[in-house]
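# Structure at a glance
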Amino acid sequence: MLIKSKNKWDLRECDVTPEPIYRQRRDILKKLGIAAASLPLASNATAGIFDVFSPDDQTSVVDNRRSLTTIKSSLSNPTLSLTPEKKILQYNNFYEFGTDKTDPAERAKNFITNPWQVKIDGLVNKTLTLDYDDLFSSFPLEERIYRLRCVEAWSMNIPWIGFSLADIIKRADPTSKAKYVAFQTLYDPKQMPGQASRSLGGGIDYPYVEGLRLDEALHPLTLLSVGLYGKTLPPQNGAPLRLVVPWKYGFKSIKSIVRITLTDKQPPTTWNILAPNEYGFYANVNPNVDHPRWSQASERFIGEGSLFSSRRQPTAMFNGYSEAVASLYQGMDLKRNY
């Protein structure tokens, strides 16, 4: 049983997509007879800002997930009305399976997540290796409702299930030299077609890598997620293990993690390697620092609105988690360290 949280960073019921509005949008599109193929297509770089959902939600989703039991959490509020699960399952950025939003749900259907191993190594006193079952039994699982803000200027609210990244780091016992945490996604081109094709995979050099400062990684809000909506993660959302850092843009939340390494140097990160002038290491949600090709001052809240108007809302500094995390960046120039 989960308890209602009093924390400042929790979502309020009025912040979450009303399901009737979401369904109303689908109905309007159907009545207008508008097919996704007839809509103007944006480039990959700006797709998140201008795209529109398929009116019939025709992407088939295989759901073989199992239910998870969660414990009481001070970071969870069970009274919230949540963003429709179908949107979360069918609208994804996971370039290992293609660059279109519907590609991951379609192409990850047969992705094998069990067996799985995650190695925690580097500047630690105790190297760890966790298998699939360990991910669900080593630490108490909590449900945490977080905002998710994509760098493409759209957002969702998601009920993640997982445990604090700090739990696994502390168990590995970092040495005094550890300053950063590096992450790596599975590299398996046979299962992940985007890794086998540069055109399909967005021109990225795989495997996907990410990183955090150690103090960011140890922050209690930083989550390793193994599930959402009461079940294990689906492949398109990063099964069996993904990072969730709610005050940063979504590309920092690396999916299908196989390695976590403590290091004394700032690790390379995939999008910063690909376009350093557009995607910085920190990637903190900041309405005052625009992407070079679009504004970050506002965002489109996925899951509501009609064909002609979906609710846009102002982007909050640190995605609404300023009170909890702003002290991590005291004295830093957040425009330079974007």
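Refer to the structure presented above.
One structure accompanies this document, and this report is about it. Only a predicted model underlies this, so the values are computations on that prediction, with no experimental measurement involved.

### Some points on the pattern of salt bridges
Overall, the coordinates contain 13 salt bridges when judged by the stated rule. For aspartate 121, the salt bridge goes to arginine 259, with nearest N and O atoms at 2.7 Å. A residue pair is termed long-range when its members are at least 10 positions apart, and aspartate 121 in strand S1 (residues 117-122) and arginine 259 in strand S10 (residues 257-263) qualify at 138 residues. Classification of aspartate 121 as buried rests on a relative accessible area of 6%. Arginine 259 sits in the partly exposed class, given a relative accessible area of 37%.

### Regarding helix H6 (residues 165-172)
If you check which residues of H6 are buried, you get Leu165, Ala166, Ile168, Ile169 and Ala172. Angular distribution of buried residues about the axis of H6 spans 165 degrees; they occupy a single face of the element. Just downstream of H6 lies aspartate 173, where phi reads positive at about 60 degrees.

### Topic: the packing of aromatic side chains
Counted under the stated rule, the structure contains 14 aromatic pairs. When the ring of tyrosine 282 is compared with that of tyrosine 329, the centres are 6.1 Å apart and the planes differ by 90 degrees; the resulting orientation is edge-to-face. With tyrosine 282 in the loop between helix H9 (270-274) and strand S11 (298-301) and tyrosine 329 in the segment after helix H10 (322-325), this residue pair connects regions lying 47 residues apart in the sequence. Here the two residues tyrosine 282 and tyrosine 329 agree in accessibility, since each one is buried. An aromatic cluster is present here, built from Tyr180, Phe281, Tyr282, Phe318 and Tyr329 joined pairwise through their rings. One cation-aromatic arrangement involves arginine 66 over phenylalanine 136; the distance from NZ or CZ to the ring centre is 4.5 Å.

### Section: unusual backbone geometry
Geometrically, the link from asparagine 114 to proline 115 is a cis peptide bond, its omega value of 15 degrees lying close to zero. By the element assignment, proline 115 lies in the loop between helix H4 (103-107) and S1. With an omega of 10 degrees, the peptide bond running from tyrosine 206 to proline 207 counts as cis. Backbone geometry at serine 256 places phi at a positive 45 degrees, although glycine is not the residue there. If you trace the backbone, serine 256 turns up in the loop between strand S9 (242-244) and S10. The backbone of phenylalanine 318 shows a phi angle near 55 degrees, a positive value even though the residue is not glycine. As for its placement among the helices and strands, phenylalanine 318 is situated in the loop between strand S12 (312-314) and H10. Judged by relative accessible area, which is 4%, phenylalanine 318 ranks as buried.

### A closer look at the pairing of strand S4 (residues 154-164)
Within S4, 11 of the 11 residues are buried, which leaves the element mostly enclosed by the surrounding structure. The pairing of strand S3 (residues 142-149) with S4 spans eight bridges and is classified as antiparallel. For arginine 147, the partnering residue across the bridge sits in S4 and is asparagine 157. The turn joining S3 and S4, which pair antiparallel and follow one another in sequence, is formed by four residues; a positive phi near 75 degrees is taken by alanine 153. Bridge analysis of S4 against S11 gives two bridges, and the strand direction is parallel. In the strand pairing of S11, tryptophan 154 is matched with arginine 300.

### Things to note about the sheet that holds S10
Spatial strand order, S2-S1-S10-S5-S6: five strands in an open sheet with mixed pairing. At either end of the open sheet lies a strand with only one pairing partner, and these are strand S2 (128-131) and strand S6 (209-213). Neighbouring strand axes in the sheet, compared pairwise and without regard to direction, differ in orientation by 15 degrees on average. Where strand S5 (residues 180-185) lies against S6, five bridges are found, and the strand directions are antiparallel. From the neighbouring strand, tyrosine 180 faces S6, where its bridge partner is arginine 213.

### Some details on the side chain of threonine 315
If you trace the backbone, threonine 315 turns up in the loop between S12 and H10. In this structure the side chain of threonine 315 is engaged in a polar contact, spanning 3.1 Å, whose partner is the side chain of glutamate 299. If near-sequence neighbours (up to four positions away) are discounted, threonine 315 is found in contact with Arg149, Val285, Pro287, Gln296, Ala297, Ser298 and Glu299.

### Topic: the pairing of S5
Looking along a regular strand, one sees the side chains alternate between the two faces of the sheet. With respect to burial, S5 is a largely interior element, five of its six residues being buried. Here S5 runs beside S10; their pairing, made up of six bridges, is antiparallel. Within the sheet, the bridge partner assigned to alanine 182 lies in S10 and is threonine 261.

Thresholds applied
- Residues numbered from 1 in each chain as written.
- Predicted model: local features only at pLDDT ≥ 70, side-chain atom pairs only at ≥ 80, totals over all residues.
- Heavy atoms only, no water.
- Salt bridge = Lys/Arg side-chain N within 4 Å of Asp/Glu carboxyl O.
- Helix = DSSP H or I, 4+ residues; strand = E, 2+ residues; numbered from the N terminus.
- Buried < 20%, exposed > 50% of the residue type's maximum accessible area, 1.4 Å probe, protein only.
- Arc of directions from axis to C-beta.
- Phe/Tyr/Trp six-rings, centres within 6.5 Å; stacked < 30°, edge-to-face > 60°.
- Lys NZ or Arg CZ within 6 Å of the ring centre and 35° of its normal.
- Pairing = 2+ DSSP bridges.
- Axes fitted to C-alpha atoms, helices over the stretch in contact; angles between N-to-C directions.
- Polar contact = N/O pair within 3.5 Å; in protein donor to acceptor, adjacent residues only side chain to side chain.
- Contact = heavy atoms within 4.5 Å.

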